[in-house]
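Listed here are the chains, written in short residue letters.
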Amino acid sequence: KAGVTQTPRYLIKTRGQQVTLSCSPISGHRSVSWYQQTPGQGLQFLFEYFSETQRNKGNFPGRFSGRQFSNSRSEMNVSTLELGDSALYLCASSSRQGVYNEQFFGPGTRLTVL
Amino acid sequence: AQSVTQLGSHVSVSEGALVLLRCNYSSSVPPYLFWYVQYPNQGLQLLLKYTTGATLVKGINGFEAEFKKSETSFHLTKPSAHMSDAAEYFCAVSDLRSGGSNYKLTFGKGTLLTVNP
(Lines give C-alpha, C1' and ligand atoms only; values in the text may rest on other atoms or scores of the structure.)
Protein backbone atom coordinates (compact mmCIF):
# COMPACT_ATOMS: atom_id res chain seq x y z
CA LYS A 1 0.00 0.00 0.00
CA ALA A 2 1.29 3.42 -0.87
CA GLY A 3 1.85 5.74 2.06
CA VAL A 4 0.59 9.26 2.65
CA THR A 5 1.82 11.61 -0.03
CA GLN A 6 2.12 15.36 0.22
CA THR A 7 2.73 17.85 -2.54
CA PRO A 8 4.69 19.90 -3.00
CA ARG A 9 7.56 18.89 -0.73
CA TYR A 10 9.06 22.36 -0.67
CA LEU A 11 7.51 25.76 -1.23
CA ILE A 12 8.79 29.32 -1.05
CA LYS A 13 6.32 32.19 -0.83
CA THR A 14 6.39 35.84 0.13
CA ARG A 15 4.41 37.62 2.82
CA GLY A 16 0.83 38.34 1.88
CA GLN A 17 0.55 35.54 -0.63
CA GLN A 18 -1.61 32.49 -0.18
CA VAL A 19 -0.67 28.86 -0.49
CA THR A 20 -2.42 25.53 -0.98
CA LEU A 21 -0.92 22.25 0.19
CA SER A 22 -2.18 18.86 -0.88
CA CYS A 23 -2.38 15.53 0.90
CA SER A 24 -3.36 12.12 -0.44
CA PRO A 25 -4.12 9.65 2.34
CA ILE A 26 -3.49 5.94 2.36
CA SER A 27 -6.04 4.16 0.22
CA GLY A 28 -9.15 3.42 2.28
CA HIS A 29 -8.39 5.98 4.98
CA ARG A 30 -11.13 8.54 5.43
CA SER A 31 -9.63 10.69 8.16
CA VAL A 32 -7.01 13.31 7.35
CA SER A 33 -5.37 15.54 9.94
CA TRP A 34 -2.99 18.44 9.49
CA TYR A 35 -0.21 19.59 11.79
CA GLN A 36 2.24 22.48 11.83
CA GLN A 37 5.77 21.77 13.05
CA THR A 38 8.15 24.59 13.97
CA PRO A 39 11.32 24.64 16.10
CA GLY A 40 9.75 27.06 18.56
CA GLN A 41 6.22 25.72 18.96
CA GLY A 42 6.81 22.09 18.10
CA LEU A 43 3.96 20.07 16.63
CA GLN A 44 0.59 21.73 16.70
CA PHE A 45 -2.71 20.28 15.55
CA LEU A 46 -4.48 22.28 12.87
CA PHE A 47 -7.59 20.31 11.98
CA GLU A 48 -9.05 16.93 11.15
CA TYR A 49 -11.36 16.02 8.30
CA PHE A 50 -13.47 12.92 8.05
CA SER A 51 -15.93 12.19 5.25
CA GLU A 52 -15.49 15.67 3.81
CA THR A 53 -16.39 17.40 7.09
CA GLN A 54 -14.13 19.17 9.53
CA ARG A 55 -14.48 17.21 12.78
CA ASN A 56 -11.86 18.75 14.98
CA LYS A 57 -9.95 22.03 15.03
CA GLY A 58 -6.89 23.39 16.78
CA ASN A 59 -6.17 26.96 17.88
CA PHE A 60 -5.16 28.59 14.64
CA PRO A 61 -6.48 31.78 13.04
CA GLY A 62 -9.03 31.70 10.29
CA ARG A 63 -6.29 32.24 7.69
CA PHE A 64 -5.73 28.51 7.97
CA SER A 65 -8.44 26.50 6.30
CA GLY A 66 -8.86 23.13 4.71
CA ARG A 67 -11.15 20.87 2.86
CA GLN A 68 -11.55 17.23 2.00
CA PHE A 69 -12.80 15.79 -1.23
CA SER A 70 -14.98 12.76 -1.83
CA ASN A 71 -11.89 10.63 -2.57
CA SER A 72 -10.52 11.63 0.89
CA ARG A 73 -7.75 13.76 -0.55
CA SER A 74 -7.34 16.94 1.44
CA GLU A 75 -6.03 20.40 0.84
CA MET A 76 -4.92 23.00 3.31
CA ASN A 77 -4.91 26.68 2.46
CA VAL A 78 -3.14 29.52 4.21
CA SER A 79 -4.07 33.03 3.16
CA THR A 80 -2.19 36.28 3.74
CA LEU A 81 1.03 34.50 4.64
CA GLU A 82 3.13 35.77 7.54
CA LEU A 83 6.78 35.10 8.28
CA GLY A 84 5.71 33.00 11.25
CA ASP A 85 3.89 30.59 8.96
CA SER A 86 7.22 29.17 7.87
CA ALA A 87 7.06 25.58 9.03
CA LEU A 88 6.87 21.94 8.11
CA TYR A 89 3.24 21.04 7.49
CA LEU A 90 2.45 17.41 8.13
CA CYS A 91 -0.56 15.51 6.99
CA ALA A 92 -1.67 12.28 8.63
CA SER A 93 -4.32 9.79 7.67
CA SER A 94 -6.24 7.26 9.69
CA SER A 95 -8.83 4.62 8.95
CA ARG A 96 -11.17 6.00 11.61
CA GLN A 97 -12.24 9.38 12.87
CA GLY A 98 -10.44 10.69 15.90
CA VAL A 99 -6.81 11.69 16.30
CA TYR A 100 -6.43 9.12 19.08
CA ASN A 101 -6.40 6.40 16.43
CA GLU A 102 -3.10 5.44 14.87
CA GLN A 103 -2.16 8.05 12.35
CA PHE A 104 0.13 7.56 9.39
CA PHE A 105 2.13 10.63 8.53
CA GLY A 106 3.37 11.93 5.23
CA PRO A 107 6.86 13.41 4.78
CA GLY A 108 5.53 16.95 5.02
CA THR A 109 5.63 20.12 2.99
CA ARG A 110 8.32 22.59 4.02
CA LEU A 111 6.94 26.12 3.58
CA THR A 112 9.27 29.07 3.70
CA VAL A 113 7.77 32.56 3.81
CA LEU A 114 10.11 35.41 2.83
CA ALA B 1 -5.71 22.57 29.06
CA GLN B 2 -3.64 19.47 28.69
CA SER B 3 0.10 19.72 28.27
CA VAL B 4 3.03 17.41 27.64
CA THR B 5 6.54 17.90 28.98
CA GLN B 6 9.48 15.98 27.61
CA LEU B 7 12.46 16.34 29.90
CA GLY B 8 15.62 16.82 27.89
CA SER B 9 15.48 18.15 24.37
CA HIS B 10 18.58 16.11 23.57
CA VAL B 11 19.63 12.73 24.94
CA SER B 12 22.86 11.02 24.01
CA VAL B 13 23.60 7.35 24.71
CA SER B 14 26.19 4.82 23.68
CA GLU B 15 25.29 1.92 21.44
CA GLY B 16 24.07 -0.94 23.63
CA ALA B 17 23.13 1.33 26.53
CA LEU B 18 19.69 1.82 28.02
CA VAL B 19 17.49 4.42 26.38
CA LEU B 20 15.19 6.40 28.67
CA LEU B 21 13.13 9.26 27.29
CA ARG B 22 10.92 11.04 29.79
CA CYS B 23 7.39 12.27 29.29
CA ASN B 24 5.04 13.85 31.80
CA TYR B 25 1.56 15.05 31.02
CA SER B 26 -1.22 16.98 32.58
CA SER B 27 -4.78 16.01 31.84
CA SER B 28 -8.01 16.33 33.74
CA VAL B 29 -9.30 13.00 32.45
CA PRO B 30 -7.67 9.61 31.78
CA PRO B 31 -5.68 10.23 28.63
CA TYR B 32 -4.63 8.29 25.61
CA LEU B 33 -0.84 8.39 25.40
CA PHE B 34 1.43 7.97 22.41
CA TRP B 35 5.04 7.90 21.41
CA TYR B 36 5.97 8.82 17.85
CA VAL B 37 9.38 8.79 16.18
CA GLN B 38 10.55 11.08 13.41
CA TYR B 39 13.56 10.24 11.28
CA PRO B 40 15.28 13.04 9.32
CA ASN B 41 13.22 14.37 6.43
CA GLN B 42 10.36 12.02 7.20
CA GLY B 43 6.99 12.18 8.84
CA LEU B 44 6.14 10.69 12.21
CA GLN B 45 5.72 7.00 12.85
CA LEU B 46 3.78 5.54 15.76
CA LEU B 47 5.98 3.59 18.17
CA LEU B 48 3.33 2.64 20.72
CA LYS B 49 0.20 3.85 22.41
CA TYR B 50 -1.69 3.42 25.67
CA THR B 51 -5.46 3.59 25.77
CA THR B 52 -6.72 1.33 28.55
CA GLY B 53 -5.73 -1.89 30.24
CA ALA B 54 -2.17 -3.00 30.88
CA THR B 55 0.00 -0.08 31.86
CA LEU B 56 3.17 -1.50 30.30
CA VAL B 57 2.92 -1.08 26.57
CA LYS B 58 5.24 -2.71 24.07
CA GLY B 59 5.87 -1.10 20.73
CA ILE B 60 7.91 -1.56 17.62
CA ASN B 61 11.70 -1.78 17.42
CA GLY B 62 12.02 -3.03 21.02
CA PHE B 63 10.63 0.07 22.68
CA GLU B 64 8.20 0.02 25.57
CA ALA B 65 6.56 2.57 27.85
CA GLU B 66 4.82 2.44 31.18
CA PHE B 67 1.80 4.51 32.10
CA LYS B 68 2.06 5.66 35.71
CA LYS B 69 -1.07 7.52 36.67
CA SER B 70 0.21 8.57 40.10
CA GLU B 71 3.24 10.18 38.50
CA THR B 72 1.41 11.37 35.37
CA SER B 73 4.25 9.90 33.37
CA PHE B 74 4.69 7.79 30.25
CA HIS B 75 8.43 7.28 29.90
CA LEU B 76 9.84 5.46 26.87
CA THR B 77 12.57 2.87 27.31
CA LYS B 78 14.65 0.47 25.29
CA PRO B 79 17.14 -1.90 26.95
CA SER B 80 19.84 -1.62 24.31
CA ALA B 81 20.26 1.27 21.89
CA HIS B 82 21.08 0.72 18.23
CA MET B 83 22.58 3.25 15.86
CA SER B 84 19.34 3.10 13.87
CA ASP B 85 17.42 4.46 16.88
CA ALA B 86 18.89 7.92 16.33
CA ALA B 87 15.89 10.14 15.65
CA GLU B 88 13.55 12.61 17.30
CA TYR B 89 10.92 11.19 19.63
CA PHE B 90 7.62 12.81 20.47
CA CYS B 91 5.26 12.06 23.30
CA ALA B 92 1.62 12.95 22.70
CA VAL B 93 -1.55 13.04 24.75
CA SER B 94 -5.15 12.90 23.70
CA ASP B 95 -8.12 13.40 25.93
CA LEU B 96 -11.78 13.86 25.48
CA ARG B 97 -12.87 17.45 25.04
CA SER B 98 -15.79 18.42 27.13
CA GLY B 99 -19.09 18.18 25.39
CA GLY B 100 -18.16 16.09 22.43
CA SER B 101 -16.41 13.14 20.94
CA ASN B 102 -13.54 15.09 19.47
CA TYR B 103 -10.11 14.36 20.76
CA LYS B 104 -7.33 16.91 20.66
CA LEU B 105 -3.80 15.57 20.24
CA THR B 106 -1.13 17.53 22.08
CA PHE B 107 2.54 16.83 21.40
CA GLY B 108 5.58 17.42 23.54
CA LYS B 109 8.46 19.47 22.12
CA GLY B 110 10.40 16.34 21.24
CA THR B 111 13.63 14.69 22.36
CA LEU B 112 16.47 14.21 19.92
CA LEU B 113 18.20 10.92 20.57
CA THR B 114 21.77 10.44 19.39
CA VAL B 115 23.50 7.09 19.63
CA ASN B 116 27.27 7.05 19.84
CA PRO B 117 29.28 4.07 18.55
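Structural data are supplied above this passage.
Because the structure is a prediction, the values reported are computed rather than measured.

Regarding the sheet that holds strand S3 (residues 19-24) of chain A
All names here are of chain A. The 4 strands are arranged S1-S3-S8-S7 in an open sheet whose pairing can be described as antiparallel. What marks the edges here is a single partner per strand, and that holds for strand S1 (5-7) and strand S7 (64-68). The mean inter-strand angle of the sheet, taken between neighbouring strand axes irrespective of direction, is 20°.

Digging into the state of the cysteines
Applying the stated rule across the entire model yields 2 disulfides over all chains. With a sulfur-sulfur separation of 1.7 Å, Cys23 of chain A is cross-linked through a disulfide to Cys91 of chain A. Looking down the S-S bond of the Cys23 of chain A and Cys91 of chain A bridge, the torsion is -50°, so its handedness is left-handed. Of this pair, Cys23 of chain A sits in strand S3 while Cys91 of chain A sits in strand S9 (residues 87-94), and the two are 68 residues apart along the sequence. In this model, Cys23 of chain B is linked to Cys91 of chain B through a disulfide, with the two sulfur atoms separated by 1.9 Å. In this structure, the disulfide formed by Cys23 of chain B and Cys91 of chain B twists by about -65° around the S-S bond and is classed as left-handed. A residue pair is termed long-range when its members are at least 10 positions apart, and Cys23 of chain B in the loop between strand S3 (19-21) and strand S4 (24-26) and Cys91 of chain B in strand S10 (residues 87-96) qualify at 68 residues. Judged by its relative accessible area of 0%, Cys23 of chain B falls in the buried class.

Criteria and cut-off values
- Residues numbered from 1 in each chain as written.
- Chains lettered and ligands numbered in written order.
- Predicted model: local features only at pLDDT ≥ 70, side-chain atom pairs only at ≥ 80, totals over all residues.
- Heavy atoms only, no water.
- Pairing = 2+ DSSP bridges.
- Helix = DSSP H or I, 4+ residues; strand = E, 2+ residues; numbered from the N terminus.
- Axes fitted to C-alpha atoms, helices over the stretch in contact; angles between N-to-C directions.
- Disulfide = S-S within 2.5 Å.
- Buried < 20%, exposed > 50% of the residue type's maximum accessible area, 1.4 Å probe, protein only.

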